[in-house]
Amino acid sequence: MELDLVEYELDQDTKAKLDEVLKNLFSKTSAELVILADDAGRIISLKGKRIDEDRAEFIASLISGMFGAAAEMSKMLSVEELDILQFEGKKVDVVIKAIKPRFLIGIMVDKGVALGSVRLFLRDASQELEEIFSSVKLVPVKTVKVDVKSLEEKLSKLVGL
Amino acid sequence: MKLKVVYFGSSLAGKSTNVKKLYEILKERGLAKGEFVSMETDEQRTLFVEMFVSSLNIEGVEMDVKIMTTPGQFRLHPLRKVIVKGVDGLVFVVDSSVERKEVNFLVMRETAAVLKEQGHDLLHFPVVVQYNKRDLPSAMPIDDMQMMFNPWDTDYVESVAIEGKGVLETFVKIIKNILVAKHGKSSAL
């Protein structure tokens, strides 16, 4: 048996559109950080002032974890489906919103920024993002053929086993 | 390519030890990105999650593998559901001691239910079974454990995670199984 390792990516046009929405939201809200991720915590796009990619990966996981945990609580308490989650810190506020069909956007802003306006801009951005996702296309960027028998060998060699 | 691997198993089976050891080994070899993130209670029990990201390159394909644990305690079941969301492959860490036989089985059943809720079938999911704590005097024979805890007849690894034994082998096997499940073409030779 042989594997086709296909690496899929969003097409360039979609990527550019998503980036543009995030860029607008980032500048309109003077955010510290805006992350768009899927509900399993995989980053799709991000804009941030002082954030490296590795740290953003963890933040995306925590965003998905926190939203997921709050959604579980909503279900248990039989309240309506969770759409937005917000919490306030001493220096920053964080708002996380669901984007259909299975994405999340998280935004972190300084205390000085009015949360009402953040939520307003977030609502507009989420509508735009949902429109983009409704017509999304995945494009294969690379196909590599790997023999299954040698795959374990290659992986073992790679990690130094 | 981004993959999510979750280590599940009963409370105190050694999930956190596995992930911590794996991080140490991969970090030393330049294959782990960033830090190890851990959310524990005061008693060093996993409250929510432990995780890190490993970066691998197979034949020119970049793979970022996010490795996470689920909390083992039964009271934290809702959090386990959250962490398992969108998972690509599972490592079932089984405590080899005979005293933990029942609880190992319960966790397997509970995980199957969580996956089913999310539209997956545990029996058709990339899994590696790791029989941990093989150094215990009360460790069950492998044949008996295979009967009870490996309904997939999938790869298994014997380990003593606290000493790092079997940790890397488990990781290699789960990545292989995920790639085969996601991209395997049975028609090709």
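Residues numbered from 1 in each chain as written. Chains lettered and ligands numbered in written order. Predicted model: local features only at pLDDT ≥ 70, side-chain atom pairs only at ≥ 80, totals over all residues. Heavy atoms only, no water.

Naming follows an unreviewed UniProt entry, where chain B appears as Gliding motility protein of Hydrogenobacter thermophilus.

Going by what an unreviewed UniProt entry lists, chain A is known as Gliding motility protein and is assigned to Hydrogenobacter thermophilus.

To continue, consider the overall build of chain A. A count of helices and strands for chain A gives four helices and seven strands. Counted from the first residue to the last, chain A has its helices and strands arranged as β-α-β-β-α-β-β-β-α-β-α. Summarising its shape, the C-alpha atoms of chain A cover approximately 55 × 35 × 35 Å along the three principal directions. Out of the 161 residues belonging to chain A, those deemed buried represent 44%. When contacts within chain A are restricted to residue pairs at least 6 apart in sequence, long-range pairs at least 24 apart make up 55% of them. Surface accessibility of chain A: about 8,700 Å² in total, with carbon and sulfur atoms responsible for 53%. (Helix = DSSP H or I, 4+ residues; strand = E, 2+ residues; numbered from the N terminus. Buried < 20%, exposed > 50% of the residue type's maximum accessible area, 1.4 Å probe, protein only. Contact = heavy atoms within 4.5 Å. Areas by Shrake-Rupley, 256 points an atom, 1.4 Å probe, with all protein chains shown as cover.)

Contact residues are listed per partner, giving 46 residues for chain B and 40 residues for chain A. Carbon and sulfur atoms make up 65% of the area that chain B and chain A hide from each other, which totals about 3,900 Å². The largest share of the area that chain B buries against chain A comes from B:Lys2, B:Glu59 and B:Val172, three residues that together contribute 14% of it. Across the pair A:Glu152 and B:Lys176 runs a salt bridge, and its minimum N-O distance is 3.1 Å. Looking at the side of chain B that touches chain A, the elements with two or more residues in it are strand 1 (2–9), strand 2 (32–40), strand 3 (46–58), strand 4 (61–69), helix 2 (77–84), helix 5 (167–183) and strand 8 (184–185) of chain B. When residues in the side of chain B that touches chain A are grouped by element, the largest group, ten residues, is from helix 5 of chain B. Among the residues forming the side of chain B that touches chain A, the class breakdown is 24 nonpolar, seven polar and 15 charged. (Buried area = accessible area lost by both parts, 1.4 Å probe. Salt bridge = Lys/Arg side-chain N within 4 Å of Asp/Glu carboxyl O. Nonpolar A, V, L, I, M, F, W, Y, C, P; charged D, E, K, R; others polar.)

To continue, consider the pattern of salt bridges. Counted under the stated rule, the structure contains 24 salt bridges over all chains. Through salt bridges with shared partners, a single network forms among A:Asp38, A:Asp39, A:Arg42, A:Arg102, B:Asp88 and B:Lys182.

Turning next to the pairing of strand 3 (residues 43–48) of chain A. Residue and element names in this part refer to chain A. Sheet analysis places strand 2 (residues 33–38) next to strand 3, joined by five bridges and oriented antiparallel. Residue pairing in the sheet places Leu36 in a bridge with Ser45 of strand 3. From the end of strand 2 to the start of strand 3, which pair antiparallel, there are four residues, and Gly41 there has a positive phi angle of about 90°. (Pairing = 2+ DSSP bridges.)

All names here are of chain B. In this model, chain B carries an average pLDDT of 87, and 88% of its residues clear a pLDDT of 70 or more. The secondary structure element of chain B with the lowest average pLDDT is strand 8, at 60, and the one with the highest is strand 7 (residues 156–158), at 97. Interface confidence for the predicted complex, expressed as ipTM, amounts to 0.79; the pTM equals 0.77. (pLDDT = per-residue confidence, 0-100.)

To continue, consider the pairing of strand 5 (residues 89–95) of chain B. Residues and elements named next belong to chain B. Burial runs high along strand 5: seven of the seven residues are buried. Residue alternation in strand 5 divides its side chains into two sets, Gly89, Val91, Val93 and Asp95 and Leu90, Phe92 and Val94, and both sets are buried. Summarising the sheet, strand 1 and strand 5 pair through five bridges and their orientation is parallel. From the neighbouring strand, Val5 faces strand 5, where its bridge partner is Gly89. This β-α-β element, strand 5 to helix 3 (residues 101–117) to strand 6 (residues 127–132), shows right-handed connectivity. (Right-handed = clockwise from strand over helix to strand, strands pointing away.)

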